[in-house]
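Structural characterization, general
The lines below spell out each chain.
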Amino acid sequence: AQTLTDLVPTALQPCVCVANKKPCDLCCGNLCFLDQGICVKLIPKKGETATALALDSCIFTDSLKKCDGLFVLKQASQVFLALIELKGSYVDDAYAQIAYVRSQRTEYADLVKHLSEIVANRRQIREQAFIITTSAIDRRTQQKLETSYGIRPRIITIGKPASSAPD
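All values derive from a computational prediction rather than experimental measurement.

We now examine the environment of arginine 126. You can see arginine 126 is positioned in strand β7 (residues 125-133). Its relative accessible area of 42% is what places arginine 126 among the partly exposed residues. Spatially, the C-alpha atom of arginine 126 lies 13 Å from that of arginine 152, the residues being 26 residues apart in sequence.

Okay, here's the thing in structure tokens:
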């Protein structure tokens, strides 16, 4: 059986979220991201193993496009990679960020390669993307962005927080 650290290559392990603001401000727990008052948390089911990687300001410290974080969820026979972008507005930027990470970031490709070595078949790795936003996006714009960037993230629209999340 794999351990939690087996899900992530050694080079990326320093950016696994372990607690609030550890290893960086994006982490609000071991399976939680928080940015600009927008929070997303992964709650694995019984028998599942998961980890959260802080991408922005931890794995990616340059000025190139990047999304905020990544969840790795291991079920019995599948591994899910979920790129996460927390976005108050400018949802079109979120598409560009996710597409860039998937196609241009070697760290992401290395993670996919690492995971393909621990599952029996590459098809057992499911890549997904989520944009959690306070801005509404109409269906026509969404379709245009999906076509333009070649990705189909799930968009989750939430209410704007009345106040910033507590520290």
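The side chains of a regular strand alternate, residue by residue, between the two faces of the sheet. Bridge count between strand β6 (residues 79-87) and β7: 9 bridges; the pairing is parallel. Within β7, the residue paired with leucine 81 across the bridge is glutamate 127. Relative to strand β8 (residues 154-157), β7 runs parallel, the two sharing 4 bridges. In the strand pairing of β8, phenylalanine 130 is matched with arginine 154. In this region the chain leaves β7, passes through helix α3 (residues 139-149) and returns to the parallel neighbour β8; the handedness of that crossover is right-handed.

Taken as a whole and assessed by the stated rule, the structure comprises 2 aromatic pairs. When the centroid spacing of 4.8 Å and the interplanar angle of 35° are considered together, the rings of phenylalanine 33 and phenylalanine 71 count as tilted. In this pair, phenylalanine 33 sits in strand β2 (residues 32-35) while phenylalanine 71 sits in strand β5 (residues 69-74), placing the two residues 38 residues apart along the sequence. With relative accessibility at 0%, the residue phenylalanine 33 sits in the buried group. The class for phenylalanine 71 is buried, based on a relative accessible area of 5%. Directly above the aromatic system of phenylalanine 60 lies the positively charged group of arginine 105, at a separation of 4.0 Å from the ring centroid.

The final tally for this structure, using the stated rule, is 3 disulfides. The side chain of cysteine 28 participates in a disulfide bridge whose partner is cysteine 32; the two sulfur atoms lie 1.9 Å from each other. Its S-S torsion of approximately -80° makes the covalent link between cysteine 28 and cysteine 32 left-handed. By relative accessible area, which is 6% here, cysteine 32 ends up buried. Numbered in order of appearance, the disulfide-bonded cysteines of the chain are paired 1-6, 2-3, 4-5. Cysteine 67 forms no disulfide, and the closest cysteine sulfur to it belongs to cysteine 17, at a distance of 13 Å. Overall, the relative accessible area of 0% leaves cysteine 67 in the buried class.

What follows deals with the sheet that holds β7. The pairing of strands in a sheet happens through backbone hydrogen bonds and is either parallel or antiparallel. On the basis of which strands lie adjacent, the open sheet formed by 5 strands has the order β4-β5-β6-β7-β8 and mixed pairing. Every other strand in the sheet has two partners, leaving β4 (49-54) and β8 as the edge strands with one partner each. The mean inter-strand angle of the sheet, taken between neighbouring strand axes irrespective of direction, is 20°. Those strands touched by helix α1 (residues 91-104) are β6, β7 and β8, and its axis lies near 145° from that of β6.

In this structure, Phe33, Leu53, Leu70, Leu81, Leu83 and Ile84 are the most contacted members of the largest nonpolar core, which totals 53 residues. Those elements that place two or more of their residues in this core are β3 (38-41), β4, β5, β6, α1, α2 (106-116) and β7. When residues of this core are assigned to their parent elements, the largest contribution, 7 residues, is made by β6. Discounting chain neighbours no more than four positions away, the residues touching leucine 70 are Phe33, Thr51, Ala52, Leu53, Leu55, Leu81, Ala82, Leu83, Tyr108 and Leu111.

The rules behind these values
Residues numbered from 1 in each chain as written. Predicted model: local features only at pLDDT ≥ 70, side-chain atom pairs only at ≥ 80, totals over all residues. Heavy atoms only, no water. Helix = DSSP H or I, 4+ residues; strand = E, 2+ residues; numbered from the N terminus. Buried < 20%, exposed > 50% of the residue type's maximum accessible area, 1.4 Å probe, protein only. Pairing = 2+ DSSP bridges. Right-handed = clockwise from strand over helix to strand, strands pointing away. Phe/Tyr/Trp six-rings, centres within 6.5 Å; stacked < 30°, edge-to-face > 60°. Lys NZ or Arg CZ within 6 Å of the ring centre and 35° of its normal. Disulfide = S-S within 2.5 Å. Axes fitted to C-alpha atoms, helices over the stretch in contact; angles between N-to-C directions. Contact = heavy atoms within 4.5 Å. Core = buried A, V, L, I, M, F, W, Y, C linked by side-chain atoms within 4.5 Å.

By themselves these figures say nothing about function.
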